[in-house]
Amino acid sequence: MKVIKLDAIDSTNEFLKGLSNKQELENFTVVTAETQTKGKGQMGAVWASEASKNLIMSILVKDFLSDICQIFNLNIAVSLAVIEVLESNNIPDLSIKWPNDIMSYNKKIGGILIENTIKSDGTILSIVGLGLNVNQTDFENLPKASSLAVICGKEFDKEALLFTIGSAIEKNIGLWKQHPTILWTKYIDNLYKKGLPMPFSDQNKSNFMGIIQGVSAIGKLQVLREDDSISEFDIKEIQMLY
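Residues numbered from 1 in each chain as written. Predicted model: local features only at pLDDT ≥ 70, side-chain atom pairs only at ≥ 80, totals over all residues. Heavy atoms only, no water.

A. Local environment of helix α4 (residues 158–176). With 19 residues, α4 ought to run about 27 Å at 1.5 Å a step, and its terminal C-alpha atoms sit 27 Å apart, in line with that. For α4, every residue scored as buried is listed here: K158, L161, L162, I165, G166, A168, I169, N172, I173 and W176. Buried residues of α4, viewed axially, fall in a sector of 165°; they line one side. The residue sitting at the N-terminus of α4 and contributing the capping side-chain oxygen is D157; that oxygen lies 3.0 Å from the backbone nitrogen of E159. (Helix = DSSP H or I, 4+ residues; strand = E, 2+ residues; numbered from the N terminus. Expected span 1.5 Å × (residues − 1). Buried < 20%, exposed > 50% of the residue type's maximum accessible area, 1.4 Å probe, protein only. Arc of directions from axis to C-beta. Polar contact = N/O pair within 3.5 Å; in protein donor to acceptor, adjacent residues only side chain to side chain.)

Set out below in structure tokens:
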């Protein structure tokens, strides 16, 4: 696993994407930075991170997706890799808030942003960005955020986490080709608030109660509604109120 370390950058995803456009990079090349000025989250959100405190990384994934309809498979492989590494570090009460926020208890400790590019030959190149709150302890004005240090009361080795997460992603991608059903099942089992009545808001700002049942083959959230119907939602179409 080749690792490129930077002090400061606007976005590790953008840097790795630009680098991959200029030269042939080996699969699972990683870019990491101590700070980024324009970190990206889902749906254009900003990922803010205190300098030198957290793990900011992007990893190149080639030769995994063969069809644009399979994009969610990569979400599953990556988010489970992060969960597995955090479990090995004794981080308690872990779950995945659909589609790929990493939670401990009811606090968000990490977020994943995957950007895919279809090349001229039809192959799909993916840039997987991960922001993991590691040693930051001040989350003023971020009541739903936390970190490994806050939750466990000690500091963690960011570099060790980088290498173990990178290796776990590579392992899960290899495992996917042989046992995709195992990873799908594990992802569903790890969904935050699965099976519990929860309030939601849809894209029309209409609130309703529902119970998460699972995720469709293309990554839509399946929610059981009060009339016993099951609705499927894309990421822009639903928000959990918690």
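B. Focus on the side chain of S216. Structurally, S216 can be placed in the loop between β9 (207–215) and β10 (221–225). When near neighbours in sequence (up to four residues on either side) are disregarded, S216 contacts W184, Q222 and E232. (Contact = heavy atoms within 4.5 Å.)

C. Region of the structure containing the pattern of salt bridges. Taken as a whole, this structure holds 8 salt bridges when the rule is applied. When the shortest N-O distance is used, the salt bridge between E34 and K158 registers 3.0 Å. You can see E34 sitting in strand β2 (residues 30–36) and its partner K158 sitting in helix α4, a full 124 residues away along the chain. K108 is paired through a salt bridge with D101; the nearest N and O atoms lie 3.3 Å apart. (Salt bridge = Lys/Arg side-chain N within 4 Å of Asp/Glu carboxyl O.)

D. Main features of the sheet that holds β9. Pairing within the open sheet is antiparallel, and its 5 strands lie in the order β11-β10-β9-β8-β12. In this open sheet, the two edge strands, each paired with only one partner strand, are β11 (230–233) and β12 (238–240). Recorded for the sheet is a direction-independent mean angle of 50° between the axes of neighbouring strands. Bridge count between β10 and β11: 4 bridges; the pairing is antiparallel. Looking at β11, one finds that Q222 is bridged to E232. (Pairing = 2+ DSSP bridges. Axes fitted to C-alpha atoms, helices over the stretch in contact; angles between N-to-C directions.)

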